[in-house]
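# Fold and geometry: a report
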Amino acid sequence: MNRFRTSKFKNTTPKIPKKDGWVSNVRGSAFSSQGNQIKSSSSLVAFNTEQAGGGMVGLCSVDPGLDGKWTVTQIPCHADQVTDLDFSPFDDYLLATCSADETVKLWHLCESDQDQPVNAEVSLKPGEGRLELLIFHPTASGLLAVGSSRGVQVWDTSRDKALAVLELHPDQLQGLTWKEDGSLLASSCKDKTLRIFDPRAQLTPIQCVQCFQTNKDSRVLWVKNDYLLTAGFNRLRQQEVKLWDVRKLNSSLGSVSLGTNGMLMPLFDPDTGLLVLSGKGDSAIDCFEVTTTEPFLSQVSHCLSEASTRGIALVPKLALDVSCCEVLRVMQLTDNFIIPISYQVPRKPGLEFHSDLYPDTRGLAAAMSVSEWWKGENKQVERVSLHPDKRQKGKIRSGSAVFPPSGKSKESQEPSTSSTPLSTPSSSAAPSRSPSSTSGLSSGFLPSPSQSSRSIHSMLGPSSKFRHIQGTVLHRDTHITNLRGISLTTPGESDGFCANVQHVAVPLAIAGGQIAVLELSHPGKLPDTALPTIQNSVNVADLCWDPCDPHKLVVAGDDAKIRVWKVPKGGLVETLTEPECVLQGHTEKIYSIKFHPHASGLLVSSSYDMTVRLWDLNTGDQLKKLSGHQDQIFGMAWSPDGKLLATVCKDGKVRVYNPRKSSLPIQEGPGPEGQRGGRIVWACDGQFLLVSGFDCRSERQLYLYSPESLASGALAMASADVSPSTLIPFYDPDTSVVFLTGKGDTRVYIFEIISAAPYFMECSSFQSSEPHKGLSFLPKTECDVRDVEIARAIRLGKTTIEPVAFQVPRVRKEFFQDDLFPKTAEWWKPALTAAAWWSGSDGQHSKISLQPKDMSPVSEAPKEAPVRKYLPSSVYLEEKTDEQKKEELLSAMVAKLGNREDPLPQELFEGVDDNEWDD
């Protein structure tokens, strides 16, 4: 009968949230190890990350905060790759890590949004080489099993030496598991053998049976009492899971094959008997129910995630949301996210506690001490109810038995300055939480109005007023079309073309480094005949317009020279062959050139000779040569006040220079890990440096740095996508909005940068139907403020030049939106000369208002009275008398019943004549 008995978990359904409900700013580790890469307590999730060679561990909370967002923190743990990690079953904040540096460390963690400790509470040195696995004892506090490449040791974390050093395995150790009562320890090995140890009785296995068919990666997991589960591969190299009775290991009780290739990671919940399986590198996650009678392993669900698995972890039962019948929660670690997958039984939620789904589960109090266990005692952890009214309040911290005695020296615990909270750029409202994680409003007292408004604000999180920004390509009448022969070989450090209020300069793929100069005031189709051009004589490396002179174009060439060209008013009428002046000094090809934001005629250039040079265009002299770069210089940016110069380099460094004082950097810190390209701009009035680059997996990333503490690394990161082109940032200092796109992209990413967490606030992006070669932004004076246009760009297509307007949708457009349009700097007017700046002077641009004279600001607009769109039903009802209401009601009832005077269907039938009846 058991075979046909219906399981209450047979309809358990996995719920995968939408992408904005995932934990972002995660960098899953690609390093190979025997561990699961991620573990969870009831409060925190810890996972392996690739940063610092894998020696760092990422942390986040199990549930999102009140604002619906997760805060991700990274802490440096080891000098080499972290291979495995585990939370104590009796302390949500006690984490053990082991590493290829041959050490085990115990960390007393804080909440994910707080500073984490710099140093470990305990450091153990098993001395058996690279460590692969560790697992806390399930019943005794402070007991730990540690697996190296071939050996297993049992440690009391309050002592300097191992309690037991078990017999070495003949080959690579692959899996390790404690029995539920902690009496036995089982291991799987590359030699296809399953071993069972009793560390208190003997150091050799008490059972040793060949259970695996191949020597590929395997796992072992103790499930119920005397039953073990193994996960490995069969002879066909398919994933295979088997259930064993340790009392008769000659054959398995049941097995199931999954048919994929990744190394299986099994997770088991003894309360429900549910088993979750996922392979490393696979996107499939399977759920089975395990029973000790036939059919032993029955499949419950099969789901496909949107990303491949790096690791999976089971969230403890005390953190589940019983109100929605959640019986399991799995945290799936992927390359860039942690995906919380909730397994729920489809029942009517919220009305009652379904006790049949939630038997009492293991509590957070240890059953015994290490010494009691070592003397031979076996005790079970006291069980607690999951009923919301019977939950234990607060978090339980570990006892003193976990840590060394008071006489033993400990490492200092100073707050970490290197653990950095990274907030997701966008997130939705938080999913339902367990009662243990809700705020304390159950006491019967209502919060004050101010507290309520603050809690609502914190729940909604910061919101950008530019989040609904819209990009629109202007009418075709404003386009320049039939542009042919565009050069596609400009370096990645160049924007590819440049524009100002009058001209657009586009390099052409014609011998001699020719540059087309087109007039924005003369849109339309270009003639098929050749256009007058600038004959630069060598290939163009970079080019830019002088911000103080709309007719002066500066071009850097492959021959390490910078040429200055003067375009006549009205545009080119003939080919220009002679530059106004030529700057020489670099010894190799030039990367890029930038003008100073305040001083007229002051130019900076970077070159393959790994130097940065400052030039005075008015005299043609070189003012300074900056050194210190060890590789290709990807990008440069002047600070808003014009005093400092920042660079990002292929050697993985971000540098800040004060050119008037030193030729060497005054600040230096780690930059993007990827070496494919990068750009840099200043943000928030010089508070931050925004760097676009690549990570080690070629994913495009945004990094935010403090220029005063570059050595501490990035304050925050945001991911874009995977693409070969470098993201080119265009930062608007008036709105603190940055537009990012790459050559050949069809999408323009838009973020608002703010000076506090989460730093990045993602806005709507602009998508075009065809790839563009680049964007060039115009001054704010070109924006149509009446249509709430906050930025205007020139978009270079394959054969067209198109203006693009970026607008914020507003209702009361008859008013000037002064909250979006502060006074803007007249950066096209010089504040001082290059010589004055070099001598130590500083200047600032004057500012002008963009408010038209016939518009009043929206901040002074009168408030509109609310208008009811529809009158209440009582108005209509009062217009009718009681007799009218009765008549309407009676008519409605009659219409519903039908006309009673209609003939019945049988009355319409035709009968037969009487003489036709037989006698």
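Throughout, a residue's number is its position along its own chain's written sequence, starting from 1. Per-residue local features are limited, in this predicted model, to residues with pLDDT of at least 70; the limit for side-chain atom pairs, both in listing and counting, is 80 or more; totals at the level of whole chains, interfaces and linings are taken over all residues. Only hydrogens and water are set aside; all other atoms, that is, all heavy atoms of the structure, feed into the side-chain values.

Between the rings of Phe, Tyr and Trp (Trp by its six-membered ring), a pair exists once the centres lie within 6.5 Å; its type follows the angle of the planes, with under 30 degrees stacked, over 60 edge-to-face, and the other angles tilted. Inspection of every chain in the model, using the stated rule, returns 17 aromatic pairs. Ring geometry for F730 versus F777: centroids 5.0 Å apart, planes at 40 degrees, classification tilted. One end of the pair, F730, is in strand β56 (residues 728–732); the other, F777, is in strand β61 (residues 774–777), with 47 residues separating them in the sequence. Measuring from ring centre to ring centre gives 4.9 Å for F739 and F777, while their planes differ by 35 degrees; the resulting arrangement is tilted. Remark: F777 occurs in strand β61 and F739 occurs in strand β57 (residues 737–741); sequence separation between them is 38 residues. Secondary structure follows DSSP: runs of H or I at least 4 residues long count as helices, runs of E at least 2 residues long count as strands, and numbering of each begins at the N terminus.

A pairing counts as a salt bridge when a side-chain nitrogen of Lys or Arg comes within 4 Å of a carboxyl oxygen of Asp or Glu. Evaluation of the coordinates by the stated rule reveals 37 salt bridges. Two residues, R247 and D226, come together in a salt bridge whose shortest N-O distance is 3.7 Å. With a gap of 21 residues between them, R247 in the loop between β20 (239–245) and β21 (254–257) and D226 in the loop between β18 (219–222) and β19 (227–233) connect regions that are remote in the sequence. With a closest N to O distance of 3.4 Å, R383 and D271 form a salt bridge. With R383 in strand β30 (residues 383–384) and D271 in the loop between β22 (264–269) and β23 (274–279), the pair connects residues that are 112 residues apart, well separated along the chain.

A separate point is empty space enclosed by the protein. Cavities and pockets were defined on a 1 Å grid built from protein atoms only: a cavity is a group of points that admits a 1.4 Å probe but offers it no way out, a pocket is an open group of points flanked by protein on both sides within 12 Å along at least five of seven lines, and a lining residue is one with an atom within 4 Å of any such point. Grid points are joined across faces, edges and corners, and a volume is the space filled by probe spheres set on the points. For the structure shown, the criterion picks out 4 cavities of 30 Å³ or more. As a volume, the largest cavity reaches approximately 1300 Å³. Lining the largest cavity are 50 residues, and of these D86, I135, L221, F268 and L314 lie nearest its centre. Looking at the lining of the largest cavity, the elements that each hand over two or more residues are β2 (38–40), β6 (82–87), β10 (131–136), β14 (173–178), β18, β22, β26 (311–314) and β29 (361–362). When residues of the lining of the largest cavity are assigned to their parent elements, the largest contribution, 5 residues, is made by β14. Residues were grouped as follows: Ala, Val, Leu, Ile, Met, Phe, Trp, Tyr, Cys and Pro as nonpolar; Asp, Glu, Lys and Arg as charged; and all remaining residues, including Gly, as polar. Along the lines of polarity and charge, the residues of the lining of the largest cavity split into 25 nonpolar, 13 polar and 12 charged. In this structure, the second largest cavity occupies an estimated 70 Å³ of space. Around the second largest cavity sit C211, F212, Q213, T230, G232, F233, E240, V241 and K242, which together line it.

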